Number of protein chains: 2
Amino acid sequence: AWSQSFVNVPHIRWASNSSALRSDDEEKQAGKPKSEENELVHSKYWGVVPKTHLKEDGSPWPWNCFRPWETYTPDLTIDLKKHHVPENWEDKLAFWSVKALRLPTDLFFRKRYGCRAMMLETVAGVPGMVGGMMLHLRSLRRFEHSGGWIKALLEEAENERMHLMTFMEVAKPNWYERALVVMTQGVFFNAYFLFYLLAPRVAHRFVGYLEEEAIYSYTKFLEELDKGKIENVPAPAIAIDYWRLPKNATLRDVVLVVRADEAHHRDVNHYASDIRKEGKQLHEEPAPVGYH
Amino acid sequence: AWSQSFVNVPHIRWASNSSALRSDDEEKQAGKPKSEENELVHSKYWGVVPKTHLKEDGSPWPWNCFRPWETYTPDLTIDLKKHHVPENWEDKLAFWSVKALRLPTDLFFRKRYGCRAMMLETVAGVPGMVGGMMLHLRSLRRFEHSGGWIKALLEEAENERMHLMTFMEVAKPNWYERALVVMTQGVFFNAYFLFYLLAPRVAHRFVGYLEEEAIYSYTKFLEELDKGKIENVPAPAIAIDYWRLPKNATLRDVVLVVRADEAHHRDVNHYASDIRKEGKQLHEEPAPVGYH
Ligand SMILES: [Fe+2]
Ligand SMILES: [Fe+2]
Ligand SMILES: [Fe+2]
Ligand SMILES: [Fe+2]
């Protein structure tokens, strides 16, 4: 019953149909039921009717979740091979934790790289959010500047979330995958929260290694695409707009830009760990805001 | 000993001297100690040396914590008198909780509005961050779009943090005020986290009422400035850059723009509560991103 009914549950309305992300105006033309009229009155009372934006071709901007100026073309020339050689036992702990987590993941997904990407991106969005929040609270509590690191980490979290929004257009989770994601988040959010509270340096190193593995998995994904084992379907509309891809872009182009994003996250997190290793707080070095 | 030694503690290095927020280049010219050279090597290995930016007058952008395109001129014509009349018992709970919290706050600060602003902004930065994080986790967990609300709430949190960064330039906390802030955050963060988990609609209403009180307090602050009871000192450099104020702006100009920000937060949070009251999720209505 679960797997059949979930398409009707309101909370996944966007997930199943990206064209549902219409602008407010379009919804008005479509004829609103009574309750939505009430809501419009409220929105007008508070004066917060959002600005509408246009695409470069003049058509209305279809996404509420990101604006035209948040799109970018990732640097595909980034070095995919960079690696931090573990230098002390904390580094080794971070490195081997990631390797240990890789094992069951490989067994579970095998060669289903699309499904793997979708599932793992639900986890990848957690560390940046936790780190950004902790630095924000620290800044408030200690009357101290952030050096831009709150923003850098929140940008990483948002970027990972956009990976998820993209992959869920090409791979749909079934009910037990959804249940697994909910449980994994419950465990991972709390574990990473504690981890970041107690040892932020090791936490950033851990994410650095996680990203190194992500690069490896996306490279495997590309190989399967090139071998024809996974169908190279057209890129979802959201990906074309977010990464400024050509209109005829394919899944392969999407995996290439996502992999470049992961390499950027790897750099930011290893760098953050390096700063802390020198006994400094992150805000003592300017953050790589907008580093893609 | 606490109050005398805290200026030497590294974690408040920025707090006591905003010119310490120099660009990387300036630091290099100033001659770096050995450890910072190591760090530069790391930063170069990871390739994350941040871009430098320029002010409109061509001088280097001095802030790491916000970039030129994040500055804005708030809409000072915003209606300061808007109020949500409590409609049900949840609204009344939110309204009277805020009124009850006001009492001890008034007794503690009396007419010290500068100190009050600085202390309360350490709390004001919490709800937006908690709400934004919860929506982010929900989006990941349920494979659903955000409608821009994660960003809208995180922007509110960042804006409140900038209020703090501004007021701490004109009022310095002493050791027991610092201790009070740490304890208050410990209680408030956990309380609001639970509150938002269990009843997000009431949580947003609560913040809406909190902002109504903030507007009232900043109006009182302005009255004291106009009566000459509080000295109308020059605006801090950070405020002039963040709100694009004229170079000769004063504390009065700062309080005016901050009060307008609070009115915007009031609108966003009452609106969010209204959406949830209609039985909808926030992402079903486009969020007011960049609403100042
Ligand atoms: Fe990712
Ligand atoms: Fe990543
Ligand atoms: Fe504020
Ligand atoms: Fe506020």
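Rules used in this analysis
- Residues numbered from 1 in each chain as written.
- Chains lettered and ligands numbered in written order.
- Predicted model: local features only at pLDDT ≥ 70, side-chain atom pairs only at ≥ 80, totals over all residues.
- Heavy atoms only, no water.
- Contact = heavy atoms within 4.5 Å.
- Buried area = accessible area lost by both parts, 1.4 Å probe.
- Salt bridge = Lys/Arg side-chain N within 4 Å of Asp/Glu carboxyl O.
- Polar contact = N/O pair within 3.5 Å; in protein donor to acceptor, adjacent residues only side chain to side chain.
- Helix = DSSP H or I, 4+ residues; strand = E, 2+ residues; numbered from the N terminus.
- Nonpolar A, V, L, I, M, F, W, Y, C, P; charged D, E, K, R; others polar.
- Buried < 20%, exposed > 50% of the residue type's maximum accessible area, 1.4 Å probe, protein only.
- Least-squares fit on C-alpha atoms with pLDDT ≥ 70 in both.
- Donors = N, O, S within 2.8 Å, 3.2 Å for Na, K, Ca; no water.
- Phe/Tyr/Trp six-rings, centres within 6.5 Å; stacked < 30°, edge-to-face > 60°.
- Lys NZ or Arg CZ within 6 Å of the ring centre and 35° of its normal.
- Expected span 1.5 Å × (residues − 1).
- Core = buried A, V, L, I, M, F, W, Y, C linked by side-chain atoms within 4.5 Å.
- pLDDT = per-residue confidence, 0-100.

I tried to follow the interface of chain B and chain A on my own but got confused; where do I start?
When the parts of a complex come together, some accessible area is lost, and that lost area is often taken as the interface size. Each partner contributes to the interface: chain B provides 83 residues, whereas chain A provides 83 residues. Summing both sides of the interface, chain B and chain A together bury roughly 7,800 Å²; the carbon and sulfur share of this comes to 62%. Considering only the surface of chain B that becomes buried against chain A, Trp46(B), Phe143(B) and His145(B) emerge as the three largest contributors, covering 13% of it. Joining chain B to chain A, the criterion identifies four salt bridges. Across the salt bridge formed by Lys151(A) and Glu158(B), the nearest N and O atoms sit 3.6 Å from each other. Where chain B packs against chain A, one counts 23 residue pairs in polar contact (both at pLDDT 80 or more). Elements supplying a minimum of two residues to the side of chain B that touches chain A: helix H2 (13-16), helix H4 (34-46), helix H6 (113-142), helix H7 (149-167), helix H8 (175-198) and helix H11 (251-277) of chain B. Among the elements that take part in the side of chain B that touches chain A, H6(B) stands out by supplying 14 residues, more than any other. Class assignment for the residues of the side of chain B that touches chain A results in 37 nonpolar, 21 polar and 25 charged.

Explain unusual backbone geometry to me, please; I cannot follow it from the model alone.
Across residues other than glycine, the phi torsion is negative in most instances, and most of the peptide bonds are trans. Phi at Arg110(A) takes a positive value of approximately 50°, unusual for a residue other than glycine. Following the sequence through the fold, Arg110(A) ends up in the loop between helix H5 (89-109) and helix H6 (113-142). The backbone of Arg244(B) sits at a positive phi, close to 50°, despite the residue not being glycine. Looking at the element boundaries, Arg244(B) is found in the loop between helix H10 (237-242) and H11. Exposure remark for Arg244(B): the relative accessible area of 47% places this residue in the partly exposed category.

So what exactly am I meant to see when it comes to the relation of the copies chain B and chain A here?
With an axial shift of 0.0 Å and an RMSD of 0.0 Å, the rotation relating chain B to chain A amounts to 180°. Viewed as a symmetry operation, the transformation between the two copies matches a two-fold axis. Taking C-alpha positions as reference, the residue of chain B nearest the rotation axis is Met133(B), located at 3.9 Å. A high fraction, 100%, of the interface residues of chain B reappear at the interface in chain A, so the copies pair face to face through one surface.

I would appreciate a short explanation of the coordination of the iron ion (ligand 4) in the present structure.
Under ideal tetrahedral coordination, the four donors around a metal are separated by 109.5 degrees; under ideal octahedral coordination, the six donors are separated by 90 or 180 degrees. Residues and elements named next belong to chain B. In the first shell of the iron ion (ligand 4), the protein supplies Glu-160 (OE), Glu-211 (OE), Glu-211 (OE), Glu-262 (OE) and His-265 (ND1), at 1.9 to 2.5 Å from the metal. Positions of the donor residues of the iron ion (ligand 4) along the chain correspond to the pattern E-x50-E-x50-E-x2-H. A spacing of 3.8 Å is found between the iron ion (ligand 4) and the iron ion (ligand 3), which share Glu-160 as a donor. Here Glu-160, found in helix H7, pairs with Glu-211, found in helix H9 (residues 200-227); they are 51 residues apart in sequence, far enough to count as distant. On the basis of relative accessible area, Glu-211 is assigned to the buried category, the value being 5%.

Mind showing me how you'd approach the coordination of the iron ion (ligand 3) here?
Donor atoms from the polypeptide that bind the iron ion (ligand 3) are Glu121(B) (OE), Glu121(B) (OE), Glu160(B) (OE), His163(B) (ND1) and Glu262(B) (OE), placed at 2.0 to 2.3 Å. Counting the intervening residues between successive donors of the iron ion (ligand 3) yields the motif E-x38-E-x2-H-x98-E.

It is not clear to me how the packing of aromatic side chains should be interpreted in this structure. Could you clarify?
For any two aromatic rings, the description comes down to two numbers: the centre-to-centre distance and the angle of the planes. The full count for this structure, using the stated rule, is 40 aromatic pairs over all chains. Between Phe108(B) and Phe109(B), the ring centres sit 4.8 Å apart and the planes meet at 85°, which makes this aromatic pair edge-to-face. According to the relative accessible area criterion, Phe109(B) is buried, its value standing at 4%. Among the aromatic side chains, those forming a connected cluster through ring pairs are Trp61(A), Trp63(A), Phe66(A), Tyr72(A), Tyr242(A) and Trp243(A). Over the ring of Phe108(A) we find Arg112(A), and its NZ or CZ is 5.9 Å from the ring centre.

It is not clear to me how H9(B) should be interpreted in this structure. Could you clarify?
One full turn of an α-helix is made of 3.6 residues, so residues set three or four places apart face in the same direction. Residue and element names in this part refer to chain B. Taking 1.5 Å per residue as the helical rise, H9 with its 28 residues ought to reach 40 Å, and the 41 Å between its terminal C-alpha atoms agrees with that figure. For H9, a buried count of 20 out of 28 residues is recorded, marking the element as mostly surrounded by other parts of the structure. Two residues or fewer after H9 comes Gly-228, characterised by a positive phi angle close to 80°.

When you look at the pattern of salt bridges in this model, what are you seeing that I'm missing?
Proximity of charged atoms lets side chains of opposite charge pair with each other. All names here are of chain A. In the structure shown here, the tally under the stated rule is 42 salt bridges over all chains. A salt bridge links Glu-87 to Lys-277, with the nearest nitrogen and oxygen atoms 2.3 Å apart. With Glu-87 in the loop between helix H4 (34-46) and H5 and Lys-277 in helix H11 (residues 251-277), this residue pair connects regions lying 190 residues apart in the sequence. When its relative accessible area of 36% is taken as the criterion, Lys-277 is described as partly exposed.

Can you help me understand the environment of Arg102(A) in this one?
Residue and element names in this part refer to chain A. Relative to the helices and strands, Arg-102 is located in helix H5. Looking at Arg-102, the relative accessible area reads 13%, which means it is buried. Sequence-wise, Arg-102 and Glu-213 are 111 residues apart; in three dimensions their C-alpha atoms are separated by 8.1 Å. Filtering out sequence-adjacent residues up to four positions away, Arg-102 remains in contact with Arg-116, Glu-213, Tyr-216 and Ser-217.

When you look at the nonpolar core in this model, what are you seeing that I'm missing?
A general trend in soluble globular proteins is that nonpolar side chains are found buried together. Counting residues in each nonpolar core, the largest one holds 146 residues, and the members touching the most others are Trp149(A), Phe221(A), Trp149(B) and Phe221(B). Dropping the residues within four chain positions of it, Phe221(B) is found in contact with Tyr113(B), Gly114(B), Ala117(B), Phe167(B), Ile230(B), Leu251(B) and Val255(B).

Which parts of the structure should I look at to understand the confidence of the model for chain A?
Low-confidence regions, as indicated by low pLDDT, have predicted coordinates that should not be scrutinised in detail. The predicted model of chain A has a mean per-residue pLDDT of 86, with 85% of residues at 70 or higher. Scored below 50 in pLDDT, residues 1-37 of chain A shows 50 contacts in the model against residues more than four places distant or in partner chains.

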